[in-house]
Amino acid sequence: MGESRAVCVAFEGEPPRRVAVPPGTTLLEAAQVAGVPIEATCGGRGRCRSCRVQIRTGSPPPPTLADRLQLGEDEIHERFRLACQATVWEDVGVAVAPPREERAFQILTETRGAGLEALDPGVRKILVRGFSEAVQEEAGRARMEEVLRQLAQPVERVEVEAVRSVARLLREAPEAVTAVLYGNDLLQVEAEDTTGELYGFAVDIGTTTVVGYLLDLREGEVRATVTALNPQSSYGGDLMSRIAFVQQEPGNVRRLHTRAIQCVNGLLEEACHKAGIARDRIYKVVVVGNTIMHHLFLGVDPSSVGRAPYLPLVRAPVRVRAQELGLRLPPQTPVLLLPLVAGFVGADAVGMVLATRIFEGQQVRLAVDIGTNAEVVIGSRVRLAACSAPAGPALEGAQIRWGMRAAQGAVDRVWIGEGVRYRVIGGGPPTGICGSGLVDAVAGLLEVGVLEPSGRLLVDPPAHLPEAVRRRVTVLPDGQPAFVLVPREESGAGEDIVVTQTDIRQVQLAKGAIRSGITVVERYLGIEDRDLAGVLLAGAFGNYLHLPSAIRIGLIPPLPQDRIVYVGNAAGLGAQLALLSEREGRRAEELARRIEHVPLAAQPDFHEVFLRSVRFPDSPTS
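Cut-offs applied
Residues numbered from 1 in each chain as written. Predicted model: local features only at pLDDT ≥ 70, side-chain atom pairs only at ≥ 80, totals over all residues. Heavy atoms only, no water. Axes fitted to C-alpha atoms, helices over the stretch in contact; angles between N-to-C directions. Helix = DSSP H or I, 4+ residues; strand = E, 2+ residues; numbered from the N terminus. Parallel < 35°, antiparallel > 145°, perpendicular 65-115°, else oblique. Contact = heavy atoms within 4.5 Å. Nonpolar A, V, L, I, M, F, W, Y, C, P; charged D, E, K, R; others polar. 1 Å grid on protein atoms, 1.4 Å probe; cavity = no way out; pocket = protein on both sides within 12 Å on 5 of 7 lines; lining within 4 Å. Points joined across faces, edges and corners; volume = space filled by probe spheres on them. Pairing = 2+ DSSP bridges. Core = buried A, V, L, I, M, F, W, Y, C linked by side-chain atoms within 4.5 Å. Buried < 20%, exposed > 50% of the residue type's maximum accessible area, 1.4 Å probe, protein only. Disulfide = S-S within 2.5 Å. Phe/Tyr/Trp six-rings, centres within 6.5 Å; stacked < 30°, edge-to-face > 60°. Lys NZ or Arg CZ within 6 Å of the ring centre and 35° of its normal. Polar contact = N/O pair within 3.5 Å; in protein donor to acceptor, adjacent residues only side chain to side chain. Salt bridge = Lys/Arg side-chain N within 4 Å of Asp/Glu carboxyl O.

K.L.:
Help me understand the packing of helix 6 (residues 239-248) against helix 7 (residues 251-275), please; the structure alone is not making it clear to me.
P.N.:
Between two packed helices, the angle of one axis relative to the other and the distance separating the axes together describe the packing. At a minimum axis separation of 6 Å, helix 6 and helix 7 run at an interaxial angle of 135°. Comparing the axis directions of helix 6 and helix 7 gives the class oblique. Counting all contacts with helix 6, which are made through R242, F245, V246 and Q248, the residues of helix 7 involved are N252, V253, R255 and L256. Grouping the constituent residues of the contact of helix 6 with helix 7 by class yields four nonpolar, two polar and two charged.

K.L.:
What's the story with empty space enclosed by the protein in this structure? I'm lost.
P.N.:
If a probe as big as a water molecule is rolled over the atoms, it shows which places are left empty. Scanning the entire structure with this criterion turns up two cavities of 30 Å³ or more. Of the volumes computed, that of the largest cavity is approximately 40 Å³. Around the largest cavity, the lining residues are I205, V287, V288, G289, M293, H294, F297, L337 and A347. Those elements that provide at least two residues to the lining of the largest cavity are strand 15 (282-289) and helix 8 (291-298). Classifying every residue of the lining of the largest cavity gives seven nonpolar, two polar and no charged. Considered as a void within the structure, the second largest cavity measures approximately 30 Å³ in volume. Forming the walls of the second largest cavity are I205, V210, N230, Q232, A260, C263 and V264.

K.L.:
Can you help me understand the sheet that holds strand 11 (residues 185-191) in this one?
P.N.:
In sheet architecture, strand pairing relies on hydrogen bonds along the backbone and comes in two forms, parallel and antiparallel. Read from one edge to the other, the open sheet built from four strands follows the order 8-10-11-9, with strand pairing classed as mixed. Both outer strands of the open sheet, strand 8 (123-129) and strand 9 (157-158), are each paired with one neighbouring strand and no more. Bridge count for strand 10 (residues 176-182) against strand 11 is six bridges, and the pairing is antiparallel. What sits directly across from L181, in strand 11, is L186. Here helix 5 (residues 160-172) sits on the sheet in contact with strand 9, strand 10 and strand 11, set at roughly 25° to strand 11.

K.L.:
Any chance you could explain the nonpolar core here in plain terms?
P.N.:
Across soluble globular proteins, nonpolar side chains show a tendency to be buried alongside one another. In terms of nonpolar packing, the biggest core is built from 68 residues, with V450, I514 and I553 touching the most fellow members. Each residue touching I553, except ones within four places of it in the same chain, is listed here: V439, V442, A443, L446, V507, K511, F616 and P617. Within the second largest apolar cluster, 47 residues are counted, among which are A571, L577, A588 and I595.

K.L.:
When you look at the state of the cysteines in this model, what are you seeing that I'm missing?
P.N.:
In the structure shown here, the tally under the stated rule is zero disulfides. Residue C84 stays outside any disulfide, its sulfur separated by 3.8 Å from that of C51, the closest cysteine. Judged by relative accessible area, C84 falls into the buried class, the value being 9%.

K.L.:
Help me understand the packing of aromatic side chains in this model?
P.N.:
Aromatic ring pairs are reported here in terms of the distance separating the ring centres and the angle at which the planes meet. Tallied over the entire structure, the rule returns two aromatic pairs. For the cation-ring pair, R421 lies above W415, with the distance from its terminal atom to the ring centre recorded as 4.7 Å.

K.L.:
Before we go on, may I ask you to explain the side chain of Q188 in this structure?
P.N.:
Relative to the helices and strands, Q188 resides in strand 11. Exposure remark for Q188: the relative accessible area of 9% places this residue in the buried category. In this structure the side chain of Q188 is engaged in a polar contact, spanning 2.2 Å, whose partner is the side chain of Q332. Apart from the residues lying within four places of it in its own chain, the contact partners of Q188 are E161, A162, S165, T178, A179, V180, D280, Y283, P330 and Q332.

K.L.:
Can you walk me through the pattern of salt bridges in this structure?
P.N.:
Should the charged atoms of two oppositely charged side chains come close, the side chains can pair. Throughout the structure, instances matching the rule amount to 33 salt bridges. We note a salt bridge from E269 to R328, for which the minimum N-O separation is 3.8 Å. Of this pair, E269 sits in helix 7 while R328 sits in the loop between helix 9 (322-325) and strand 17 (334-337), placing them 59 residues apart in sequence. D618 is the partner of R615 in a salt bridge, and the nearest nitrogen-oxygen pair spans 3.3 Å. On the basis of relative accessibility, which here comes to 41%, the residue R615 falls in the partly exposed class. One salt-bridge network, in which partners are shared between bridges, spans K125, E190, E197, D280 and R281.

Dropping the structure here:
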């Protein structure tokens, strides 16, 4: 028998894409082959709506159970399907339909905290005058040797780019050149005096977002801050989903690596444009990220982190050349990745510790970076312990029926009392709800008694509640209880925006993971909540949280609010510190060795702690 005829999938867009795939291929797989960005926050398991597409031409595949659960009968009738579930057996035309139009994303870039004793970036420039005469001296020395002699300091290694530069400059014969060194390595030789231009780039690669900082290495000032969504999200919104994608076939590591490098290259270009500098004036790059992002940025298979005993391939700091990674910078530019601690506790956690200086104080403090993968570090100058809590993407709006990122149109604050009030990012009619608004909504439902501490949404709420609140409780066509946050007539989506029972369960799982991580590390150190001198909230989600709501649902310890501090993008600040100071880079290495890793899965009572942490507190202080 001959081979089956390939199926043609045509994706609408600018530009339109067509791809031929074997029959039985999912639309998500076809999109990945065609280079069409479709987000799949659940990793293609049919547990969210993010990969929703509409079949424009051809017969839509029969709906799956996941389609019915996530989309509902109305959208199925309108030819919508989940791309991860829809297999194609004949030619089709497809329009990618993201769950919500998301513009003007709120990505945290602010960094606060530690200052430097002195600038020591390790990169320096030395001006060599009289170059045109010096290189032609016939004193028995090679011409590069004469340049090195005039530097009046030892040079241990000469990069080939520096040799090529001298060869080129011989033809141009400038009056002076500038030698660029990193440590005792000669990176390159530039025409004329460029000593006034010395820049570096710090990058925080998160599971969901990527932030870059362009810094002046002479002054220590940030010249440009740039952000992007992590394009790897189309292969899964959480770390385990991306590991699963890597394990499907060997070439997938390369795909994820390429996405990360393309993203950073785009940020480099944008930052240089904003600051008005050339890319070849960037001489050092420092990168932080969790263990999986660290490995994928290097093009390394992270599968070993996803199975017991959850070990990274390397924990030590890594130095590579920009050329080896594919970064569009001078080929010899050093790219440094801060060290990892263990398992999922990565360089971002080390950067957070470096930035918050919790290793210097005598009192015990908690630093927690709340994101898709939450890092928890507790300690003082005496001792430091850390864990990683897999919170998942629910607190960033994923796998929530009306969830979206913190972008224009998202409800980001909610008040439930005599009635329901909300705030919308950018103003105008709301089109969804982001994580901070979701936490507010859950806290408000708990406080008025519509939601039980077990997480059960009451279909028949107490009679004493205001009618404006009681009438918002409903049951969806699929039989699921829900609370109408935004009525249809106020919504920019043309439908009621609701918080469902499933949404609440997702919040419980996320907050349960984070809170149990805190509790387990506290127990490991022999302390309790009351022993904490303070809580430092880092990361994008952590810095947009409304503290009373976070305490009410039990996400963070119930300390007085004056002992809870927002610290901005602490991981990004740690990267900046290591960029500006070689001493801070060495300190990061020392901290990574000092921090004691507490693997949650190995704790004998973790299951019990997690089950207790999933439950909401009976009261704000319980």
